[in-house]
Amino acid sequence: MPMQHLSLREILRKIMSQHLSEQEIQRRKDLQELIDLGIEPYPAALYPVNATAKEINEQYNDEEKNFQEVCVAGRLMSRRIIGKASFGEIMDASGRIQCYFNRDEICTGDDKTMYNTVYKKLLGIGDFIGVKGHVFKTQTGQTSIHVTELTVLAKSIKPLPVVKVDEEGKVHDGFMNPEQRYRQRYVDLVVNPGVKDIFIKRNIVINTMREFFNAHGYFEAETPVLQPIPGGAAARPFITHHNALDIPLYMRIANELYLKRLIVGGFDGVYEFSRNFRNEGMDRTHNPEFTVMEIYVAYKDYLWMMDFTEEMVEKIALAVHGSTEVKFGDKVLSFKRPFKRVTMLGAIEEHTGHNLAGKSEEEIYEIAKALHVEVDKSMGKGKLIDEIFSEKCEKHYVQPTFIMDYPVEMSPLCKKHRNNPELTERFELMVNGTEMANAYSELNDPIDQRERFEEQLKLMEGGDDEAMFIDQDFLRALEYGMPPTSGMGIGVDRLVMMMTNNTSIQEVLFFPQMRPEKVAEKEGEKKEAEKK
RNA sequence: GACUCGGUAGCUCAGCUGGCAGAGCAUCUCCCUUUUAAGGAGAGGGUCUUGGGUUCGAAUCCCAACCGAGUCACCA
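Thresholds, definitions, all that
- Residues numbered from 1 in each chain as written.
- Chains lettered and ligands numbered in written order.
- Predicted model: local features only at pLDDT ≥ 70, side-chain atom pairs only at ≥ 80, totals over all residues.
- Heavy atoms only, no water.
- pLDDT = per-residue confidence, 0-100.
- Helix = DSSP H or I, 4+ residues; strand = E, 2+ residues; numbered from the N terminus.
- Contact = heavy atoms within 4.5 Å.
- Pairing = 2+ DSSP bridges.
- Axes fitted to C-alpha atoms, helices over the stretch in contact; angles between N-to-C directions.
- Near = heavy atom within 4 Å.
- Polar contact = N/O pair within 3.5 Å; in protein donor to acceptor, adjacent residues only side chain to side chain.
- Expected span 1.5 Å × (residues − 1).
- Buried < 20%, exposed > 50% of the residue type's maximum accessible area, 1.4 Å probe, protein only.
- Disulfide = S-S within 2.5 Å.

## So, the confidence of the model for chain A
Turning to step 1, where the next piece is worked out: Taken residue by residue, chain A gives an average pLDDT of 90. The fraction at 70 or more is 93%.
Turning to step 2, where the next piece is worked out: Per-element averaging of pLDDT across chain A places helix H17 (residues 518-531) at the bottom with 39 and strand S8 (residues 219-220) at the top with 98.
Turning to step 3, where the next piece is worked out: Here residues 1-17 scores under 50 on pLDDT; set against residues more than four positions off or in separate chains, the count is 16 contacts.
Turning to step 4, where the next piece is worked out: Counting contacts from residues 519-532, a segment whose pLDDT is below 50, to residues more than four positions away or on other chains yields one contact.
Turning to step 5, where the next piece is worked out: What the predictor reports for the complex is a pTM of 0.90 with an ipTM of 0.91.

What follows is the structure in structure tokens.
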């Protein structure tokens with residue numbers, strides 16, 4: 001319903017029925033006054049922008065007097081009114097540019113309404129405006145637009161937090177409350193410029209990977225998010241229901257089995273940036289939906305994939321930072337190739353002094369006990385080794401390190417090691433004590449794969465609700481034959497955290513999952529109550 | 001899931017040994033034609049997260065709930 005059709009009284013009545021703040025009421029009045037003056041506060045026509053704040057700031061040269069007819073649009077972010085003159089900053093997607101507004105140049109005739117009323121009273125911080133004029137430098141040397149024409153592009157009726165930065169770059173009155181920042185990311189993006197930088201870097205990370213894969217001729221695939229069997233990882237899925245088919249469907253926890261089907265189908269290399277969904281706890285490093293890049297390349301093994309991963313990660317660091325040295329907290333991570341490589345058993349020997357090679361399950365159990373690692377009798381050999389590694393070794397790998405050759409029980413989709421059937425051809429890339437990438441020489445023996453799935457089934461029957469389901473169609477695909485293949489998955493969110501010096505996943509997701517706000521939450525409670 | 005910290009004006013926060021609800025910025029009125037955390041004078045603005053309790057009296061003390069942050073556990 002356009003505002004124009006309501007009288008001021010009607011608008012005020014509407015206002016009173018909502019609880020609006022003083023400033024929100026003021027802005028609604030200003031909006032109505034603009035309309036009364038015949039100014040459309042939300043014009044339909046395009047605005048002929050011909051320059052950006054960044055271009056002007058970087059390229060303006062006082063001597064050449066370039067940018068003599070610019071047309072810039074953006075959000076009004078600050079204002080300093082000095083009587084009949086004024087300075088304000090406009091922020092567009094590229095940054096901020098100062099504008100100089102002079103009463104008699106905006107209003108060349110006797111009618112000074114545009115300056116005195118529209119600009120000074122009815123416009124405010126947060127409004128979108130367009131300005132035309134020429135660029136000059138002020139007495140203090142600040143590049144500015146000397147405005148001759150001002151256009152209202154969109155009125156804002158909610159006051160924006162006013163964040164100020166002083167001469168020393170110190171931020172005053174910052175919009176810092178994390179809850180508000182995540183719930184109202186649009187505001188966060190407007191007033192906290194560093195936030196946008198994180199997402200620009202995220203984009204660089206993703207583009208660098210994509211370009212790297214495409215340069216190798218690999219194919220970007222799209223595979224189902226809704227899956228009848230949630231495969232490819234051990235995790236609790238979200239479940240949903242398809243009405244027409246009347247079947248349950250699961251949100252994908254991984255896309256691995258689908259990409260391998262494509263290798264069966266004859267692609268040499270396939271990759272996908274996969275949004276995965278896991279119905280598990282949330283914390284600083286876990287969001288219910290997250291992004292993993294998975295790639296599968298035929299006729300390769302995990303040793304090749306290690307080289308490939310190294311090259312890719314180094315490229316990413318260079319693309320984001322222009323350097324292989326990346327600051328993270330109080331550490332400097334070096335992504336310069338080659339990364340250190342150690343076997344899992346080697347790592348355990350290095351950090352505990354115990355060589356587990358050839359040891360029986362009982363012996364390893366006793367060693368774990370002696371090391372004060374929490375273990376129980378139900379754990380198999382592989383699980384015991386994994387526990388010892390996570391407890392005693394993981395944290396030591398701050399600089400990028402490949403951990404190779406995991407126990408076979410932990411890796412039901414991975415090919416057995418060519419030299420030792422108790423191990424698999426698997427590596428993880430550890431950085432700052434956490435897993436960043438995970439890769440295999442993929443298991444392509446359909447009989448072995450069936451047996452591994454059956455072992456998972458036993459685990460499931462034993463009460464492990466995260467053991468993998470048997471995917472018969474995937475086994476059928478393998479039976480047709482899959483070439484030797486190496487696959488690698490890398491947590492994009494965690495990689496971005498690493499590259500942007502963030503310890504919270506929420507900082508690298510535009511819209512991290514949050515509990516619904518009050519209104520929605522009350523409705524949810526009602527529904528819960530109805531169920532009971 | 002456990003523990004710790006927090007929720008007060010549009011934003012950032014003070015007030016918390018119980019006694020009229022505060023500051024800066026923002027808003028409104030006035031002055032100011034090169035300012036940049038502009039400046040000067042004045043004014044308005046509050047469901048102190050919610051619900052109980054103690055008390056003559058609660059933003060403040062107690063209990064519970066909600067929301068968030070952090071630490072740990074779980075998960076990967």
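From this point, the discussion proceeds with the structure in view.
## Some remarks on the sheet that holds strand S1 (residues 70-82)
Turning to step 1, where the next piece is worked out: Read around the closed barrel, the five strands follow the order S1-S2-S3-S5-S4; overall the barrel is mixed. Between one strand axis and the next, the sheet turns through 50° on average, direction left out of account.
Turning to step 2, where the next piece is worked out: Alignment of S1 against strand S2 (residues 85-92), held across seven bridges, turns out to be antiparallel. Bridge pairing links Ile81 to Ser86 in S2.
Turning to step 3, where the next piece is worked out: Each of S1, S2, strand S3 (95-102) and strand S5 (143-154) is contacted by helix H5 (residues 113-122), which is oriented at about 50° to S2, the strand it contacts most.

## Here we look at the protein's contact with RNA strand B
Turning to step 1, where the next piece is worked out: The local shell around RNA strand B holds 53 residues, among which Glu22, Gln139, Thr140, Glu179 and Arg515 are the closest.
Turning to step 2, where the next piece is worked out: In the interface set of RNA strand B, defined as its atoms within 4 Å of the protein, sugar plus phosphate atoms amount to 57%.
Turning to step 3, where the next piece is worked out: Side-chain polar atom of Gln98 to a base oxygen of RNA strand B: 2.7 Å apart, as the coordinates give it.
Turning to step 4, where the next piece is worked out: The separation between a phosphate oxygen of RNA strand B and a polar side-chain atom of Arg284 is 2.6 Å.
Turning to step 5, where the next piece is worked out: The set of elements that each furnish at least two residues to the surface near RNA strand B consists of helix H2 (22-36), S1, S2, S3, strand S6 (164-165), helix H6 (178-183) and H17.

## Looking at helix H13 (residues 381-392)
Turning to step 1, where the next piece is worked out: A rise of 1.5 Å per residue sets the reference length of H13, with its twelve residues, at 16 Å; its end C-alpha atoms lie 17 Å apart and thus fit the reference within 8%.
Turning to step 2, where the next piece is worked out: Taken together, the buried positions of H13 are occupied by Lys381, Gly382, Leu384, Ile385, Asp386, Glu387, Ile388 and Phe389.
Turning to step 3, where the next piece is worked out: For H13, the secondary structure elements touched by its buried residues are helix H11 (344-352), helix H12 (361-370) and strand S17 (401-404).

## Regarding unusual backbone geometry
Turning to step 1, where the next piece is worked out: For the bond from Arg337 to Pro338, the omega torsion is -10°, close enough to zero to count as cis.
Turning to step 2, where the next piece is worked out: With respect to the element layout, Pro338 can be found in the loop between strand S15 (331-334) and strand S16 (340-343).
Turning to step 3, where the next piece is worked out: Even without being a glycine, Tyr299 presents a positive backbone phi close to 65°.
Turning to step 4, where the next piece is worked out: By the element assignment, Tyr299 lies in the loop between strand S13 (289-298) and helix H10 (302-321).
Turning to step 5, where the next piece is worked out: Even without being glycine, Asn432 reaches a positive phi, approximately 55°.
Turning to step 6, where the next piece is worked out: Within the secondary structure layout, Asn432 lies in the loop between strand S18 (426-431) and strand S19 (434-441).
Turning to step 7, where the next piece is worked out: Classification of Asn432 by relative accessible area gives partly exposed; the value is 21%.

## Quick look at the state of the cysteines
Turning to step 1, where the next piece is worked out: Counted by the stated rule, this structure contains zero disulfides.
Turning to step 2, where the next piece is worked out: The closest cysteine sulfur to the non-disulfide-bonded Cys99 is located on Cys71, 11 Å from its own sulfur.
Turning to step 3, where the next piece is worked out: The exposure class assigned to Cys99 is buried, which follows from its relative accessible area of 0%.
Turning to step 4, where the next piece is worked out: Between Cys414, a cysteine without a disulfide, and Cys393, which holds the nearest cysteine sulfur, the sulfur-to-sulfur distance is 19 Å.
Turning to step 5, where the next piece is worked out: By relative accessible area, which is 0% here, Cys414 ends up buried.

## Thoughts on the sheet that holds strand S11 (residues 247-251)
Turning to step 1, where the next piece is worked out: One open sheet holds the three strands; their spatial order is S9-S11-S10, and the pairing between them is antiparallel. Both outer strands of the open sheet, strand S9 (226-227) and strand S10 (239-242), are each paired with one neighbouring strand and no more.
Turning to step 2, where the next piece is worked out: Pairing geometry for S9 and S11, over two bridges, is antiparallel. Directly across from Gln227, in S11, lies its bridge partner Tyr250.

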